[in-house]
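Residue strings, one per chain:
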Amino acid sequence: MATVDREALNAAYTDVRDDNSETKWAVFTYGEEGIGHDSSGTEFDDLKSKFTDEERCFAFLRVETGDEMSKRAKFAFITWIGNQVSVLKKAKVSTDKGNVKLIIQNFAKELMFSDINDIEEDIIKDEVKKAGGANYGTAR
């Protein structure tokens, strides 16, 4: 079981959740010291570039939902396991994810990916919207 840099993860998590911050995502990766905060950013393509075939990591993503009447922030928790990650390392992700989720607690949707072609911003937004329940609007 990997150790988790709780302070670093909590700081990045709080930054993504902060309505006054421009940060839209944070990535948490495995390193020599365990799981730590790798990077944060504002552009989805920058987040997507963090997911490689050799990597396993976790991400926390801010998604703006709602309609013309009401905008609100919802969040997704993403687990990434690249196709070239060894079986043993893949198996350890589930245990480690539990420790990460002790810090990253509030999200509308949890997603898991291993194919970069499956990671599309619109698909994630749709999944978060579905998890949020009612989506009122005038359809204009």
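The present account deals with the structure reproduced in this document. (Residues numbered from 1 in each chain as written. Predicted model: local features only at pLDDT ≥ 70, side-chain atom pairs only at ≥ 80, totals over all residues. Heavy atoms only, no water.)

Section: the pairing of strand β2 (residues 34–41)
A regular strand places its side chains so that they alternate between the two faces of the sheet.
Okay, step 1: Here strand β1 (residues 25–31) runs beside β2; their pairing, made up of seven bridges, is antiparallel. Looking across to β2, one finds that T29 is bridged to G36.
Okay, step 2: Connecting β1 to the next strand, β2, in antiparallel fashion are two residues. (Pairing = 2+ DSSP bridges. Helix = DSSP H or I, 4+ residues; strand = E, 2+ residues; numbered from the N terminus.)

Re helix α1 (residues 6–17)
Okay, step 1: Between its first and last C-alpha atoms α1 spans 16 Å; for 12 residues at 1.5 Å apiece the expected length is 16 Å, and the two agree.
Okay, step 2: L9, A12, Y13 and V16 are the residues of α1 that are buried. Taken down its axis, α1 places every buried residue within 100° of arc, on the same side.
Okay, step 3: Residues of α1 that are buried in the fold lie against β1, β2, β3 (56–66), β4 (71–81) and α3 (87–100). (Expected span 1.5 Å × (residues − 1). Buried < 20%, exposed > 50% of the residue type's maximum accessible area, 1.4 Å probe, protein only. Arc of directions from axis to C-beta. Contact = heavy atoms within 4.5 Å.)

Topic: the nonpolar core
Okay, step 1: Ranked by size, the top nonpolar core spans 20 residues in total, and within it F28, I35, F58, F60, V100 and I104 carry the most contacts.
Okay, step 2: Counting residues per element, the ones that place at least two in this core are α1, β1, β3, β4 and α3.
Okay, step 3: If one sorts the elements of this core by residue count, α1 sits on top with four residues.
Okay, step 4: Those residues within four positions of F28 in sequence are excluded, and the remaining contacts are L9, A12, I35, G36, H37, D38, C57, F58, F60 and I104.
Okay, step 5: With 17 residues, the next largest nonpolar core counts A76, I78, W80 and F113 among its residues. (Core = buried A, V, L, I, M, F, W, Y, C linked by side-chain atoms within 4.5 Å.)

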